[in-house]
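Per-entry structural report
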Amino acid sequence: MFKIFSSPEDIAKKVSELLYSTIKQKPSAALGLATGSTMEPVYAYFVKQVQETGLDLSQVTTFNLDEYIGLPFGHPQSYWAFMQQHLFEPLNIAQAQTHLPCGNAKVLTDECEQYTQKIQALGGLDIQLLGIGSNGHIGFNEPGTPFDRCTHVVDLTEETRLDNSRFFNDLSEMPTQAVTMGIAEIMSAKEVVLVATGLHKSKTMRHLYESEPDPNMPASILKTHPNVKIWLDTEAAALLPKI
Ligand code: GLP
């Protein structure tokens, strides 16, 4: 389950190969995608791999984990913009194939329900990529979130707002809420890959390594998933015992 790689690039290559083989095996695969700095090298490598091999993505469907509430559509720090920049535009993936929760929906509860239904209609996701927040959140499922929740609106914790404010001019611009896929949908994916890189993730990864499934460490539920990979670079694994 836990595997250590020598660099973020090595992990990026492996995750990219996993996405490639998932799509090769099932061209209509439903991919659960994540945002965040950890995913940047992953998507960069995948874009290169698809361009070099000519992998056909025309039948693929994608579902992102989360989106901020309250940012104007297309805001440079929206997760929509992140995905256009790092994956969808370079690979010419049509908008109709991609899904992100809409943080500007008139009735957010309806938006959440519909997001869950769309994922369920496809029989769940074939693979779900995850990063991890410093408090152990996956998507934006903050500590304390029940493990059986589907897509929902979340109040972001101060820790998450501080962490993610690095992408905004200052903390006041950082949204206070988001829509996130729930742990129920994440856990129903056929395969889950959580990636953590960098020394700043080492305490979180030690906590995750030691934790029993506990809603206060949201990622800990992944330990009960039948097909999960938790991939770390040596820096993120710095506080783990030798594995
Ligand atoms: C955000 C996202 C998470 C992501 C986390 C870590 O909070 N909602 O999905 O895993 O950031 O981001 P980074 O990879 O930049 O450390």
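Source: prediction; values computed, not measured. (Residues numbered from 1 in each chain as written. Predicted model: local features only at pLDDT ≥ 70, side-chain atom pairs only at ≥ 80, totals over all residues. Heavy atoms only, no water.)

1. Considerations on the pairing of strand S9 (residues 192-196)
This is how it is decided: Only protein chains enter the area calculation, which uses a 1.4 Å probe; residues under 20% of their type maximum are buried, those over 50% are exposed, and those in between are partly exposed. Put simply, DSSP marks the helices as runs of H or I at least four residues long and the strands as runs of E at least two long, and each gets a number from the N terminus on. Pairing between two strands requires that DSSP report at least two bridges joining them.
Within S9, 5 of the 5 residues are buried, which leaves it mostly tucked inside the rest of the structure. Of the two faces of S9, both are covered, the one formed by Val 192, Leu 194 and Ala 196 as well as the one formed by Val 193 and Val 195. Two strands pair when backbone bridges link them, and strand S6 (residues 127-130) and S9 are joined in this way by 3 bridges, in the parallel orientation. Each bridged residue has a counterpart across the sheet, and for Gln 128 the counterpart in S9 is Val 192. Of the strand pairs in this sheet, S9 and strand S10 (residues 228-233) are connected by 5 bridges, and their pairing is parallel. If you follow Val 192 over to S10, its bridge partner there is Val 228.

2. Some points on the nonpolar core
Which entries qualify depends on this criterion: Only buried Ala, Val, Leu, Ile, Met, Phe, Trp, Tyr and Cys residues count toward a nonpolar core, and they belong to the same one when joined by side-chain atoms within 4.5 Å. Residue contacts are counted whenever heavy atoms from the two residues lie within 4.5 Å of one another.
Core analysis: the biggest nonpolar cluster contains 71 residues, and Leu 194 and Met 205 have the highest contact counts within it. The element best represented in this core is helix H1 (residues 8-25), accounting for 7 residues. Apart from the residues within four sequence positions on either side, Met 205 is in contact with Ile 132, Leu 194, Ala 196, Ile 230, Leu 232, Ala 236 and Leu 240.

3. Details of the environment of Ser 6
Our working definition: The definition of a polar contact used here is a pair of N or O atoms within 3.5 Å, where within protein one atom must be able to donate a hydrogen and the other to accept one, and adjacent residues in sequence count solely through side-chain atom pairs.
Tracing the chain through its elements places Ser 6 in the loop between strand S1 (2-5) and H1. Remark: the alpha-carbon pair of Ser 6 and Thr 38, spanning 32 residues in sequence, is separated by 15 Å. A distance of 2.6 Å separates the side chain of Ser 6 from the side chain of Asp 10, its partner in a polar contact.

4. Concerning helix H7 (residues 202-210)
Defined as follows: The arc in question is formed by the directions pointing from the helix axis toward the C-beta atoms.
All of the buried residues in H7 are Ser 202, Thr 204, Met 205 and Leu 208. Viewed along the axis of H7, the buried residues span an arc of 155 degrees, placing them on a single side of the element. Of the exposed residues in H7, the ones pointing more than 90 degrees away from its buried face are Lys 203 and Glu 210.

5. With respect to a positive patch on the surface
Put simply, the rule reads: Exposure above 30% relative accessible area and no salt bridge define the residues that can form patches, which grow by joining like charges within 9 Å and nonpolar side chains of Val, Leu, Ile, Met, Phe, Trp and Tyr within 5 Å. Surface accessibility in these figures is a Shrake-Rupley result with a 1.4 Å probe; residues are shielded only by whichever protein chains are displayed. Salt bridge criterion: a side-chain nitrogen from Lys or Arg within 4 Å of a carboxyl oxygen from Asp or Glu. Charge counting treats Lys and Arg as positive and Asp and Glu as negative, with His and both chain ends excluded. Where a charge lies is defined by one atom per residue type: Lys uses NZ, Arg uses CZ, Asp uses CG and Glu uses CD.
Taken together, Lys 3, Lys 13, Lys 14 and Lys 48 make up a surface patch of like positive charges. Along the chain, the position of Lys 14 falls in helix H1. Residue class for Lys 14 comes out partly exposed when judged on its relative accessible area of 37%.

6. Thoughts on the packing of H1 against helix H2 (residues 39-53)
Let me state the cut-off plainly: Lines are fitted to the C-alpha atoms to define the axes, a helix being fitted only along its stretch in contact, and any angle between axes, read from their N-to-C directions, falls within 0 to 180 degrees. The scheme is simple: roughly parallel for angles under 35 degrees, roughly antiparallel for over 145, roughly perpendicular for 65 to 115, oblique for anything else. What makes a crossing left-handed is the near helix being turned counterclockwise from the far one by less than a right angle; a clockwise turn instead makes it right-handed.
At a closest axis distance of 8 Å, the pairing of H1 and H2 adopts a crossing angle of 50 degrees. Classified by the angle between their axes, H1 and H2 sit oblique to one another. Here H1 runs over H2; the crossing is right-handed. Of H2, the residues touching H1 (which contributes Ala 12, Lys 13, Val 15, Ser 16, Glu 17, Leu 19, Tyr 20 and Ile 23) are Pro 41, Val 42, Tyr 45, Phe 46, Gln 49 and Thr 53.

7. Comments concerning the site of the ligand
Put simply, the rule is: We call a residue near a molecule or strand when any one of its heavy atoms sits within 4 Å of it. The classification used treats Ala, Val, Leu, Ile, Met, Phe, Trp, Tyr, Cys and Pro as nonpolar, Asp, Glu, Lys and Arg as charged, and all other residues, Gly among them, as polar.
The local shell around the ligand holds 13 residues, among which Ser 37, Thr 38, Asp 66, His 137 and Lys 201 are the closest. Within the side chain of Thr 38, one N or O atom sits 2.4 Å away from an oxygen atom of the ligand. The separation between an oxygen atom of the ligand and a polar side-chain atom of Arg 166 is 2.9 Å. When isolated, the ligand has an accessible area of 390 Å², and the protein chains bury 95% of it. Residues belonging to the shell around the ligand are distributed by class as follows: 3 nonpolar, 7 polar and 3 charged.

8. Considering the sheet that holds strand S8 (residues 177-180)
Whether parallel or antiparallel, the strands of a sheet pair through hydrogen bonds between backbone atoms. Pairing is antiparallel across the open sheet formed by 3 strands, whose spatial order is S4-S8-S7. Here the strands that pair on one side only, and so sit at the sheet edges, are strand S4 (66-68) and strand S7 (152-155). Going across the sheet, the axis of each strand differs from the next one's by a mean of 25 degrees, ignoring polarity. Bridging between S7 and S8 involves 4 bridges; their strand directions are antiparallel. Each residue of the ladder has a partner; that of Val 154, found in S8, is Ala 178.

9. Let's talk about the state of the cysteines
Here is the rule: Counting rule for disulfides: a pair of cysteine sulfur atoms within 2.5 Å.
In the structure shown here, the tally under the stated rule is 0 disulfides. Cysteine Cys 102 remains unbridged, with the sulfur of Cys 112 as its closest cysteine sulfur at 10 Å. Left without a disulfide partner, Cys 112 is nearest to the cysteine sulfur of Cys 150, which lies 10.0 Å away.

10. Quick look at the side chain of Ser 78
Along the chain, Ser 78 turns up in the loop between S4 and helix H3 (79-88). Engagement of the side chain of Ser 78 in a polar contact is seen with the backbone nitrogen of Ala 81, the distance being 3.1 Å.

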